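Residue strings, one per chain:
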Amino acid sequence: MEPVIIVNFKAYREATARDAEALAKMIEKYCIVAVQNADIYRVSRIARKVYAQHIDPVGYGAFTGHDTAYCLKENGASGVIINHSEDQMPMDSIKKAVEIAREAGLETVVCIRTPELVKKVSNFKPDFIAYESPELIGSGISVTTRPDTIKKVIELAGGKTPVLCGAGITKADDVRKAIALGCSGIVVASGVVKASNPAAVISSFRQASGCVQ
Ligand code: G3P
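Reference entry: report on the structure contained in this document. (Residues numbered from 1 in each chain as written. Predicted model: local features only at pLDDT ≥ 70, side-chain atom pairs only at ≥ 80, totals over all residues. Heavy atoms only, no water.)

### Observations concerning the site of the ligand
Convention followed: Distances are taken per atom, and a residue is near a molecule or strand as soon as one of its heavy atoms is within 4 Å of it. Definition of a polar contact: a pair of N or O atoms within 3.5 Å, with one able to donate and the other able to accept a hydrogen when the atoms are protein atoms, and with sequence-neighbouring residues admitted only if both atoms are side-chain atoms. Note on areas: Shrake-Rupley, 1.4 Å probe, and residue coverage restricted to the protein chains presented here. Classes in brief: Ala, Val, Leu, Ile, Met, Phe, Trp, Tyr, Cys and Pro nonpolar; Asp, Glu, Lys and Arg charged; the others, Gly included, polar.
If you check the shell around the ligand, you find Asn8, Lys10, His84, Glu132, Ile137, Gly138, Ala167, Gly168, Val187, Val188, Ala189 and Ser190 and nothing else. The separation between an oxygen atom of the ligand and a polar side-chain atom of His84 is 2.8 Å. In the environment of the ligand, an oxygen atom lies 2.8 Å from a nitrogen or oxygen atom belonging to the backbone of Gly168. Burial of the ligand by the surrounding chains reaches 100%, relative to a free accessible area of 310 Å². For the shell around the ligand, the class distribution of residues is five nonpolar, five polar and two charged.

### Focus: the pattern of salt bridges
For clarity, the threshold we go by: The salt bridge definition used is simple: a Lys or Arg side-chain nitrogen within 4 Å of an Asp or Glu carboxyl oxygen. Numbering of helices and strands runs from the N terminus, with a helix taken as a DSSP run of H or I at least four residues long and a strand as a DSSP run of E at least two residues long.
Counting across every chain of the model gives ten salt bridges. Lys49 is the partner of Glu107 in a salt bridge, and the nearest nitrogen-oxygen pair spans 3.1 Å. Remark: Lys49 occurs in the loop between α2 (40-44) and β3 (50-52) and Glu107 occurs in strand β5 (residues 107-112); sequence separation between them is 58 residues. For the salt bridge of Arg146 with Glu135, the shortest nitrogen-to-oxygen distance reads 2.6 Å.

### So, helix α7 (residues 172-180)
Definition in use: The cut-offs for exposure are 20% and 50% of the maximum accessible area for each residue type, with area from a 1.4 Å probe on protein chains only; residues under the lower value are buried, those over the upper are exposed, and the others partly exposed. By definition, the arc is the one covered by directions from the helix axis to the C-beta atoms.
For α7, the full list of buried residues reads Ala172, Asp174, Val175 and Ala178. One face of α7 carries all of its buried residues, which in axial projection span an arc of 160°. A positive phi of about 110° marks Gly182, the residue just after α7.

Structural data, given as structure tokens:
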């Protein structure tokens, strides 16, 4: 499997609405773009692969104000980030969200803040587990400065669920290290969204990950 690179647009101003489209246009050939749910439709018309940043653990029905997997899928999402450290959910909701996403045909990335959660979360059979150290998010200090924790997460996942890592990744070398540690890819936000040349950064990440282009 090719290494996975997900760029999380979060709710950054430079990655919102029209600017989300512009950024996606620049970088989509190198990565998956995870945009705000309200931007899914517009970005999916121009980008190869778009993820939602959240779903609620509900299906069709009387759920005013909820983001459903079915609606996001219909509007062009191909996957979803669940339980991001900035959007945490109780364990039973994570389980339900993964099940509904799978049923709707969305790929699932479940984020965890500590290795202790690997076993529980891998029982839900998400497509990926993403380990992010919350204190390093947006810090410019890469999660790969915690190699032992990353190795622990991979070991606990036991080869059954591919592991991504994220937080503080800004350099191609951080990506190289993540892959060398055994990660199946990375999740990045500010290092790309806030870069003066996002396309150059993401293309260098892609090369560093071992992808050809
Ligand atoms: O989901 C990605 C993320 O939380 C990492 O953020 O800004 O440290 O790349 P950042």
